[in-house]
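Breakdown of the fold
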Amino acid sequence: MITSIAQLEQVRVECKKMVTRRAGLSAGAAVIPIPGLDIGTDVSLLMALLPAINEKFGLSPAQIEQLHPHRKKYTLVAITGIGSRLIGSTVTRELIKMVLKRVGVRMATKSVARYVPIIGQAAAAGLSFSAMKILGNAHIEDCYQVIKQVLETQPAETASFDARQIHGLTGADRLDNKG
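To keep things clear, this report deals only with the structure shown in the data block.

The rules behind each value
Residues numbered from 1 in each chain as written. Predicted model: local features only at pLDDT ≥ 70, side-chain atom pairs only at ≥ 80, totals over all residues. Heavy atoms only, no water. Helix = DSSP H or I, 4+ residues; strand = E, 2+ residues; numbered from the N terminus. Buried < 20%, exposed > 50% of the residue type's maximum accessible area, 1.4 Å probe, protein only. Areas by Shrake-Rupley, 256 points an atom, 1.4 Å probe, with all protein chains shown as cover. Patch = residues over 30% accessible without salt bridge, like charges linked within 9 Å, V, L, I, M, F, W, Y side chains within 5 Å. Salt bridge = Lys/Arg side-chain N within 4 Å of Asp/Glu carboxyl O. Core = buried A, V, L, I, M, F, W, Y, C linked by side-chain atoms within 4.5 Å. Contact = heavy atoms within 4.5 Å. Disulfide = S-S within 2.5 Å. Expected span 1.5 Å × (residues − 1). Arc of directions from axis to C-beta. Phe/Tyr/Trp six-rings, centres within 6.5 Å; stacked < 30°, edge-to-face > 60°. Lys NZ or Arg CZ within 6 Å of the ring centre and 35° of its normal. Polar contact = N/O pair within 3.5 Å; in protein donor to acceptor, adjacent residues only side chain to side chain.

**Regarding the overall build of the chain**
A tally of regular secondary structure across the chain gives eight helices and zero strands. Tracing the chain from N to C terminus, the helices and strands come up as α-α-α-α-α-α-α-α. Relative to its full complement of 179 residues, the chain shows a buried share of 36%. Accessible surface, the chain: about 10000 Å² in total, of which carbon and sulfur atoms supply 62%.

Now the structure itself:
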């Protein structure tokens, strides 16, 4: 579980490296002029990449289910606020197709461009790399914002609770002590 902004930053860096590696694989598949190979590869890469990012941030469905009830509440509210359907849920082919539609123009251009010898294949590889980077990094930023929001919200409530514990008095206790 991520408990500090420093840990959160480290996870973000690790995930960005993972996205870059997977984007390279996507670009490699785009160079090969076999119909459907590039899209199939991208779907497979995203089916593995997005859950791996969720897990690194502690946002897989199983991890969220195991959270303390207060942290779980904050996390679910933050996920809803971000509006991502990929965080905290099982990543399915349907969700991947929805995500790929976001970069549909790039994907269509990539599919057409790779049939032009050499220049087209290079363009397809570049488009594939950038599309995968855009999708992966956007998901990282969504996860980052969710955890950041949880970290910023939760300590405030915990701090006020701790202050009451330190002083050992609630409103009712103060009234009893005056009398």
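There's plenty left to go through after this.
**Structural notes on a nonpolar patch on the surface**
Taken together, the side chains of Val31, Ile32, Ile34 and Leu37 define a hydrophobic patch exposed on the protein surface, amounting to about 290 Å² of accessible area. Structurally, Ile34 can be placed in the loop between α1 (5-31) and α2 (37-56).

**Some details on the nonpolar core**
Core analysis: the largest hydrophobic core is formed by 35 residues, its most contacted members being Leu46, Ile53, Phe57 and Leu59. Elements with a minimum of two residues in this core: α1, α2, α4 (69-82), α5 (93-102) and α7 (119-167). Ranked by residue count, the leading element in this core is α7, at nine residues. Setting aside residues up to four positions removed in sequence, Ile53 forms contacts with Cys15, Met18, Val19, Gly136, His139, Ile140 and Cys143.

**Here we look at the state of the cysteines**
Summed over all chains, the structure comprises zero disulfides. The closest cysteine sulfur to the non-disulfide-bonded Cys15 is located on Cys143, 7.4 Å from its own sulfur.

**Regarding the pattern of salt bridges**
It is possible for side chains of opposite charge to pair when their charged atoms get near one another. This model, assessed by the stated rule, comprises five salt bridges. Between Arg12 and Glu9 there is a salt bridge, with its nearest N and O atoms 3.4 Å apart. Of this pair, Arg12 and Glu9 both sit in helix α1, three residues apart, which is roughly one turn of that helix. Between Glu141 and Lys16 there is a salt bridge whose closest N-O contact spans 3.6 Å. Of this pair, Glu141 sits in helix α7 while Lys16 sits in helix α1; the two residues are 125 residues apart in sequence, bridging distant segments of the chain.

**Quick look at α4**
Under the 1.5 Å per step criterion, the end-to-end length of α4 is 20 Å for 14 residues, consistent within 8% with the ideal 20 Å. Here α4 has its buried residues at Arg71, Tyr74, Thr75, Ala78 and Ile79. With its buried residues spanning 135 degrees around the axis, α4 presents them on a single face. Exposed side of α4, more than 90 degrees from the buried face: Pro69, Val77, Thr80 and Gly81 are the residues found there. Downstream of α4 by a residue or two, Gly83 has a phi angle that is positive, lying close to 85 degrees.

**Observations regarding the packing of aromatic side chains**
The full count for this structure, using the stated rule, is zero aromatic pairs. Here Arg12 stacks its cationic end above the ring of Tyr144, 3.6 Å away from the centre of that ring. Lying over the aromatic face of Tyr74, Lys73 brings its terminal NZ or CZ to 5.3 Å of the ring centre.

**Some thoughts on the environment of Leu151**
With respect to the secondary-structure elements, Leu151 resides in helix α7. Separated by 143 residues in sequence, Leu151 and Leu8 place their C-alpha atoms 9.6 Å apart. Setting aside residues up to four positions removed in sequence, Leu151 forms contacts with Ile2, Thr3, Ser4, Ile5, Leu8 and Arg71.

**So, α1**
Along its 27 residues, α1 runs 39 Å from first to last C-alpha, staying within 8% of the 39 Å computed at 1.5 Å per residue. For α1, the set of buried residues is Leu8, Val11, Arg12, Cys15, Met18, Val19, Ala23, Ser26, Ala27, Ala29 and Ala30.

**Re the side chain of Arg71**
Structurally, Arg71 is set in helix α4. Taking relative accessible area as the criterion, Arg71 reaches 8% and is therefore assigned buried. In this structure the side chain of Arg71 is engaged in a polar contact, spanning 2.8 Å, whose partner is the backbone oxygen of Ile2. Among residues more than four places away in sequence, those in contact with Arg71 are Met1, Ile2, Ile147, Val150, Leu151 and Gln154.

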